[in-house]
Amino acid sequence: MKVLVTGGARSGKSGFAEAYAARLGDRGVYIATAQAFDEEMEARIELHRENRRNRGFHWDTTEEPYALAETLRTANAPVVLVDCLTLWLSNWLLRCEHEQDAERLIEHRIDELADAFGSMEGPVVLVTNEVGYGLVPEYKLGRIFRDLSGRMNQKLARTADQVFLVTAGIPVELKSQAFRL
Ligand SMILES: Nc1nc2c(ncn2[C@@H]2O[C@H](COP(=O)(O)OP(=O)(O)OP(=O)(O)O)[C@@H](O)[C@H]2O)c(=O)[nH]1
């Protein structure tokens, strides 16, 4: 069962994805892609950890900002949750930003991720963001990020059995198990 959960910032997508994943296995691996660069982010991450501990479901946490395809392939648990792909993408973009063919290199990483997602045998839930609803970004890096995010989401949605869009805390099923795009 391959699930993709998308939505805007503070849409409730992470909470929904976690609760949904907890229905697909009796314990899980939580793969976090975020890196704490300041105190606010450190506190936010600590709060997420505390909330996970308090929800009565056993999560083993793995922090992996870059090697997501490899981490997914080797994750050994009844259910795997990744939060979130857009941060993973921005980690790569910031790492490669000065390379001439950054966009192509990152596309390659996205393809590797889509392959790993497609080859997962057990249930896996990926969280991503909808980033393209606003104005066209003023800066080139922002436009590249927006385009890569959109293409990544399309690729993963094609592979997923089920896709949800979360808006204002409400999950809307965009693709159901029985319906393939
Ligand atoms: N490094 C690290 N990051 C974590 C951990 N737990 C959660 N996170 C990160 O926290 C982020 C999600 O939290 P928020 O930014 O508060 O939530 P959001 O996705 O913007 O908001 P919602 O749409 O409401 O879920 C994800 O990018 C996770 O990677 C952890 O244990 N370690």
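Residues numbered from 1 in each chain as written. Predicted model: local features only at pLDDT ≥ 70, side-chain atom pairs only at ≥ 80, totals over all residues. Heavy atoms only, no water.

By the naming in an unreviewed UniProt entry, the protein chain goes by Bifunctional adenosylcobalamin biosynthesis protein CobU and is assigned to Paenibacillus allorhizosphaerae.

Colleague: Sorry if this is basic, but what is going on with unusual backbone geometry here?
Modeller: Excluding glycine, residues mostly carry a negative phi; peptide bonds, for their part, are mostly trans. Cys84 follows Asp83 through a cis peptide bond whose omega is -5°. With respect to the secondary-structure elements, Cys84 resides in the loop between strand 4 (79–83) and helix 4 (85–96). You will see that Arg10, though not glycine, has its phi angle at about 60°, which is positive. Counting through the fold element by element, Arg10 comes out in the loop between strand 1 (2–7) and helix 1 (13–22). Arg10 sits in the exposed class, given a relative accessible area of 65%. Its identity is not glycine, yet Ala168 carries a phi of approximately 50°, on the positive side. Along the chain, the position of Ala168 falls in the loop between strand 6 (162–167) and strand 7 (170–175). By relative accessible area, which is 70% here, Ala168 ends up exposed. (Helix = DSSP H or I, 4+ residues; strand = E, 2+ residues; numbered from the N terminus. Buried < 20%, exposed > 50% of the residue type's maximum accessible area, 1.4 Å probe, protein only.)

Colleague: Help me understand the environment of Ala17, please; the structure alone is not making it clear to me.
Modeller: If you trace the backbone, Ala17 turns up in helix 1. For Ala17, a relative accessible area of 0% puts it in the buried group. When the C-alpha positions of Ala17 and Asn129 are compared, they lie 12 Å apart, and in sequence the two are 112 residues distant. In this view, Ala17 contacts Val5, Leu81, Val125 and Val127; residues no more than four positions away in its chain are not counted. (Contact = heavy atoms within 4.5 Å.)

Colleague: How should the confidence of the model for the protein chain be read in this particular structure?
Modeller: Any segment with low pLDDT has predicted coordinates that should not be analysed in fine detail. Per-residue pLDDT for the protein chain averages 94, and the proportion of residues at 70 or more is 98%. Model confidence for the complex is summarised by a pTM of 0.94, with the ipTM given as 0.93. (pLDDT = per-residue confidence, 0-100.)

Colleague: So what exactly am I meant to see when it comes to the pattern of salt bridges here?
Modeller: Any two side chains of opposite charge can pair if their charged atoms end up close together. Across all of its chains, the model carries 12 salt bridges by this definition. Glu107 is paired through a salt bridge with Arg151; the nearest N and O atoms lie 2.6 Å apart. Of the two residues, Glu107 is situated in helix 5 (residues 102–119) and Arg151 in helix 6 (residues 140–159); the sequence distance between them amounts to 44 residues. For Glu107, a relative accessible area of 16% puts it in the buried group. Taking the shortest distance from any N to any O, the salt bridge between Lys155 and Glu107 comes out at 3.2 Å. One end of the pair, Lys155, is in helix 6; the other, Glu107, is in helix 5, and 48 residues separate them in sequence. Each of the salt bridges in this network shares a partner with another, and the network as a whole consists of Glu103, Glu107, Asp111, Arg151 and Lys155. (Salt bridge = Lys/Arg side-chain N within 4 Å of Asp/Glu carboxyl O.)

Colleague: Before we go on, may I ask you to explain the sheet that holds strand 2 (residues 28–32) in this structure?
Modeller: Two orientations exist for strands paired in a sheet by backbone hydrogen bonds: parallel and antiparallel. Overall, mixed pairing links the seven strands, which are arranged 3-2-4-5-1-6-7 in an open sheet. Of all the strands in the sheet, the pair left with one neighbour each is strand 3 (59–63) and strand 7. The average undirected angle you get between the axes of adjacent strands in this sheet is 20°. With five bridges connecting them, strand 2 and strand 3 associate as parallel partners. Looking at the pairing, Ala32 lines up with Glu63 of strand 3. (Pairing = 2+ DSSP bridges. Axes fitted to C-alpha atoms, helices over the stretch in contact; angles between N-to-C directions.)

Colleague: I keep staring at the environment of Tyr30 and nothing clicks. Help me out?
Modeller: Tracing the sequence through the fold places Tyr30 in strand 2. What makes Tyr30 buried here is its relative accessible area of 7%. Distance in space between the C-alpha atoms of Tyr30 and Gly56 is 14 Å, their sequence separation being 26 residues. Contact partners of Tyr30, with chain neighbours within four places excluded, come to Arg52, Trp59, Asp60, Thr61, Thr62, Leu81 and Asp83.

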